[in-house]
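Each chain is listed here by its residues.
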Amino acid sequence: MQLLKLVETINFMKLRMAAMVLSTILILASVFSLATNSLNWGLDFTGGTLIEVGYEQAADLGEIRSSLAANEFPDAVVQNFGSSTDVLIRIAPRDGVKAVTIGDQVIAILQQADSSVEKRRIEFVGPNVGEELTEQGGLAMLVALICILIYVAARFEWRFALGSVSALVHDVLLTLGLFSFLQLEFDLTVLAAVLAVIGYSLNDTIVVSDRIRENFRKIRKGEPVEIINISLTQTLNRTIITSLTTVLVLLALFFKGGALIHGFATALLFGVVVGTYSSIYIASSVALSLGISKEDLMPPQVEKEGEDLDAMP
């Protein structure tokens, strides 16, 4: 299936310097925001109060969120727990306020709206759990990037490996920068989305790199810039179809998925757009800047047995 019937090659690399400048500005802005604002860590990382309550009828989660938001708990995370009548509420820690006090306040607010609300449990998740999850999450992304670097270097060439990792670092930094700048809550679902962005971006980059390698071997005459433009043009339809179908699903999750996966959908939506851009301009531009050439991607010559003997007089 082809959305675009392309006859002429699109000169993508004509804009590579402008793209590199734009990406550099965005990366610096993201790093600055992360250094000054940090991330708005969710309860998975900061700890907080867990409150489980029971209702006689199916609970209206939207109404519960509205009631808590109107009573100084706008950051409350509300979700069903086991069944439609069981509700789990998570509240971020308050300075100088005990978890039991927060829990009693929440219970009182809910009972004002519905006197049948039953308190099941109130627990406090300490910050040590949050620190452990933060460390493990950062380590997971670091290990993923190292494994990707090794894989791409072994499959293609080290210049493509550096280009691929540069694109992935670019995507991760911009996604984190978005959450830092907008102060969106960063929890484990968002971390999962960031890791998914890494996988999506890598998949796009691998497809483009494979076509570039194939064309370097097939097209005997042509400069590296020309061959890269041809490869990007040939894979454009595949890139558009993949990105479009993914974005349609994510838009449905963003608008209809509810508050619990709003951050997940936001990170993936932004990551898919940035990942598509980086696979075209960042990965290919870095490989080109490092001097990728036809000789680097040609298969090694294998000497046939007895070839030396035939060459002897």
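Residues numbered from 1 in each chain as written. Predicted model: local features only at pLDDT ≥ 70, side-chain atom pairs only at ≥ 80, totals over all residues. Heavy atoms only, no water.

A. Expanded view of the pairing of strand 4 (residues 83–91). Of the pairings in the sheet, the one linking strand 2 (residues 48–54) to strand 4 comprises six bridges and is antiparallel in character. In the strand pairing of strand 4, Ile51 is matched with Ile89. Bridge count between strand 3 (residues 77–81) and strand 4: five bridges; the pairing is antiparallel. Each bridged residue has a counterpart across the sheet, and for Val77 the counterpart in strand 4 is Arg90. (Pairing = 2+ DSSP bridges. Helix = DSSP H or I, 4+ residues; strand = E, 2+ residues; numbered from the N terminus.)

B. Main features of the environment of Gly137. Along the chain, Gly137 falls in helix 5 (residues 127–155). Looking at Gly137, the relative accessible area reads 6%, which means it is buried. The spacing of Gly137 and Phe45 is 92 residues in sequence and 9.9 Å in space, taken between C-alpha atoms. (Buried < 20%, exposed > 50% of the residue type's maximum accessible area, 1.4 Å probe, protein only.)

C. Quick peek at the nonpolar core. Formed by 43 residues in total, the largest nonpolar core has its most connected members in Phe12, Met13, Val152, Phe160, Phe186, Val194 and Leu232. At the level of elements, helix 5, helix 6 (158–182), helix 7 (188–218), helix 8 (224–234), helix 9 (236–256) and helix 10 (262–289) are the ones that each hand at least two residues to this core. Considering each element in turn, this core owes the most residues, twelve residues, to helix 7. Look past the residues within four positions of Val194 in its chain and what remains in contact with it is Met141, Val172, Thr175, Leu176 and Phe186. With 19 residues, the next largest nonpolar core counts Ala59, Leu61, Ile89 and Ile91 among its residues. (Core = buried A, V, L, I, M, F, W, Y, C linked by side-chain atoms within 4.5 Å. Contact = heavy atoms within 4.5 Å.)

D. View of the side chain of Ser285. Note that Ser285 resides in helix 10. Ignoring any residue separated from it by four or fewer positions in sequence, one finds Ser285 in contact with Met13, Arg16 and Met20.

E. The sheet that holds strand 5 (residues 118–125), seen in detail. Pairing in this open sheet of four strands is antiparallel, and the strands run 3-4-2-5 from one edge to the other. The strands lining the two open edges of the sheet, one partner per strand, are strand 3 and strand 5. Here the average twist between neighbouring strands, direction ignored, is 20 degrees. This element, helix 3 (residues 61–69), spans strand 3 and strand 4 of the sheet and lies at about 150 degrees to strand 3. (Axes fitted to C-alpha atoms, helices over the stretch in contact; angles between N-to-C directions.)

F. Highlighting the packing of aromatic side chains. This structure, assessed with the given rule, holds five aromatic pairs. Note on Phe12 and Tyr281: the rings are 6.4 Å apart at their centroids and 70 degrees apart in plane angle, and the pair reads as edge-to-face. Taken as a pair, Phe12 in the segment before helix 1 (16–36) and Tyr281 in helix 10 lie far apart in primary sequence, 269 residues in all. Tyr281 shares its class with Phe12; the two are buried. Every member of this aromatic cluster is reached through a ring pair, and the members are Phe12, Tyr277 and Tyr281. (Phe/Tyr/Trp six-rings, centres within 6.5 Å; stacked < 30°, edge-to-face > 60°.)

Everything listed here is a matter of coordinates, which is why it stays silent on function.
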